[in-house]
Amino acid sequence: MPHNHSPRLARLFTCLFFFLCQFIPSRPAALAEPPGGADLPAPAMLKDINATPYPSTPGGLYPLDGLVYFAADGLAGREVWRSDGTPGGTFQVSDINPGPGGSVEGALHDADFFGSLDGTLFFPADDGSGAGVELWRTDGTDAGTSLVKDIHPGGDSRPDGFLSAGGLLFFVADDGGGQALWRSDGTPGGTFSSGVLATAYARNTTMAAYGGLVYFRGCDPARGCELWRWNGLPGQAEIVAEINPTGDANPDHLRVVGDTLYFAADDGVHGVELWKASPAGVELVRDIVEGSGSSSPANLAGLNGQVFFAATTPAQGTELWRSNGSAGGTALVADLNPGEASGLNAYDPMLAMGGVLYFLGGDSLTGFELCKTDGTAVSLVKDINPGTYGSGISAITALDGVLYFSAKDLPASYISLSNYELWRSDGTPAGTYQVKDIRPGEGSAFNANPIVAAGGKLFFGAADRPSGWDLWVSDGSAAGTTRLPVNPMTAGAAIGLVIPLGERLFFGADDGLHGVEPWISDGTP
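The structure displayed is predicted, hence computed values, not measured ones.

Rules used throughout
Residues numbered from 1 in each chain as written. Predicted model: local features only at pLDDT ≥ 70, side-chain atom pairs only at ≥ 80, totals over all residues. Heavy atoms only, no water. Phe/Tyr/Trp six-rings, centres within 6.5 Å; stacked < 30°, edge-to-face > 60°. Buried < 20%, exposed > 50% of the residue type's maximum accessible area, 1.4 Å probe, protein only. Pairing = 2+ DSSP bridges. Helix = DSSP H or I, 4+ residues; strand = E, 2+ residues; numbered from the N terminus. Axes fitted to C-alpha atoms, helices over the stretch in contact; angles between N-to-C directions. Disulfide = S-S within 2.5 Å. Contact = heavy atoms within 4.5 Å.

A. Structural context of the packing of aromatic side chains. Overall, the coordinates contain 10 aromatic pairs when judged by the stated rule. Between F114 and F123, the aromatic rings sit 5.9 Å apart at their centres with planes inclined by 70 degrees, giving edge-to-face as the arrangement. Accessibility assignment for this pair places F114 and F123 in one class, buried. Geometrically, the ring pair formed by Y210 and Y215 is edge-to-face, given 5.3 Å between the ring centres and 65 degrees between the ring planes. Judged by relative accessible area, which is 11%, Y210 ranks as buried.

B. Inspection of the sheet that holds strand 18 (residues 252-257) at higher detail. Strand order in this open sheet of 4 strands is 18-19-20-21, and the pairing throughout is antiparallel. The open sheet has two edge strands, strand 18 and strand 21 (281-286), and neither has a second partner. Averaged over all adjacent pairs, the angle separating strand axes in this sheet is 30 degrees, with direction ignored. With 6 bridges joining them, strand 19 (residues 260-266) and strand 20 (residues 272-278) adopt antiparallel strand pairing. Paired with A264 across the strands is L274, a residue of strand 20.

C. Fine view of the state of the cysteines. Counting across every chain of the model gives 1 disulfide. Covalently, C219 is tied to C225 through a disulfide, its sulfur atoms 2.1 Å apart. In this structure the cystine formed by C219 and C225 twists about its S-S bond by roughly 105 degrees; its chirality is therefore right-handed. Overall, the relative accessible area of 14% leaves C225 in the buried class.

D. Highlighting the environment of Y347. If you trace the backbone, Y347 turns up in the loop between strand 25 (330-334) and strand 26 (350-353). Here Y347 falls in the exposed class, since its relative accessible area comes to 61%. Along the primary structure Y347 and F309 are separated by 38 residues, whereas in three dimensions their C-alpha atoms are 9.6 Å apart. Residues contacting Y347, with those up to four places away along its chain left out, are H253, A298 and N299.

E. Spotlight on the sheet that holds strand 36 (residues 470-474). Read from one edge of the open sheet, 4 strands run 34-35-36-37, paired in antiparallel fashion. Every other strand in the sheet has two partners, leaving strand 34 (451-454) and strand 37 (482-484) as the edge strands with one partner each. The sheet shows a mean angle of 35 degrees between the axes of neighbouring strands, direction not considered. Two elements, strand 34 and strand 35 (residues 457-462), share 4 bridges in a ladder whose sense is antiparallel. Across the sheet, the residue bridging to A453 is L458, located in strand 35.

F. Quick look at unusual backbone geometry. For N304, which is not glycine, the phi torsion reads 55 degrees and is therefore positive. Assignment of secondary structure puts N304 in the loop between strand 22 (298-303) and strand 23 (306-313). The exposed category is assigned to N304, whose relative accessible area is 53%. One non-glycine residue, A395, lies in positive phi territory at about 55 degrees. Counting through the fold element by element, A395 comes out in strand 30 (residues 394-399).

Okay, here's the thing in structure tokens:
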């Protein structure tokens, strides 16, 4: 297909921008980037990557061998950068597309933009030569950065959905004949297609590494979309089973639990139900909704050798189920909300900790609250927000045997308002409480921000005033929960993406002077 000329237009406008920038007064000394050296104040900006009035906006953060790789906008456009958490160790890996055009324009917030194999980073990039967006690799140095293979000559193959298995890197790419599953060992000769069409849009649910192979949803015109597997050898991709002889089985929600691969599929007779694959073969686990109806298993999680999942039935709505892989061992854990109403949302988070599965569930009296199960019985941990609306728990993470999350506890009469704050739970009612009321009153401290553990501390973006968001740190106590000074101004720090880097936190932030740039913090104010 014709090459997309939009990158060339982008470079033209960028060149015009840099020409006009000659007439903009230079930035004052107060905006200079921090000095080099490992002993930085915390938190500290690592580097002012974009010396223009615009931010570098680090994105696609990817940890590898003690480094963080990311995409950022600098004088060379948006290219791949790396950081070891020091200013001197934060630099552009290579100017893949020479000049201001940039090579990785798509790497903004996509956590799956990069992949890795044996310490080597892989990613899609366009070097501006006309090859298009193709597979590249780097060892973190300019000399070690190169094109792996021009998969789609004259077009864009756009590699995506990277997954490592059996010493190979698997991904989806388009060589002009449609998106198919590919493999690479990092060499041109070792990069080739399975010959089976596949999609990467739902890589986390339609692909899984199992038994040294990659199992995936593969499609062909004759048999539709079925469960396939590939060992990475030429011509050896094979269909595991033709589950639906008359249509598409559409295997989804692939999850390995113990020595079994579980997934949801439709055989054309029983609807979408729970299936399993093992060395013994592929079989339907149980027809939960008997006949052609579907229970639509989703959100599969493993605990104590069993798989837990959300399933929907006409009589009970969506509830929590479990299975040991046999029909007789597949059962409803509890009907949390008796009758047709649902006791949980199919895609709310589940987290296993200490032999217990925590999830959000409830009935028409409590709304969805923090619940737990050991696989036999279900109990409500605590009704955080008394009434029928639930506490809206999100951003769940675990640290040292304790769950931390965002939740609200305003009574039902305040449903139009919100007061999301940091909470903690050890799985008991008494051990479940608000860590600190960061923003007292009706305003929320949280706004769908993740909570990240690094160095035995919790980091998160929060607001203690209406004017802006800042980086906060907590040791799990009220006294140990404090705002970290990133932006001395009142507008907040505009916290971007965050990721652990060793014992510290690597994150994007705007200090009110430089725009969003890479920062580091060990949690020290």
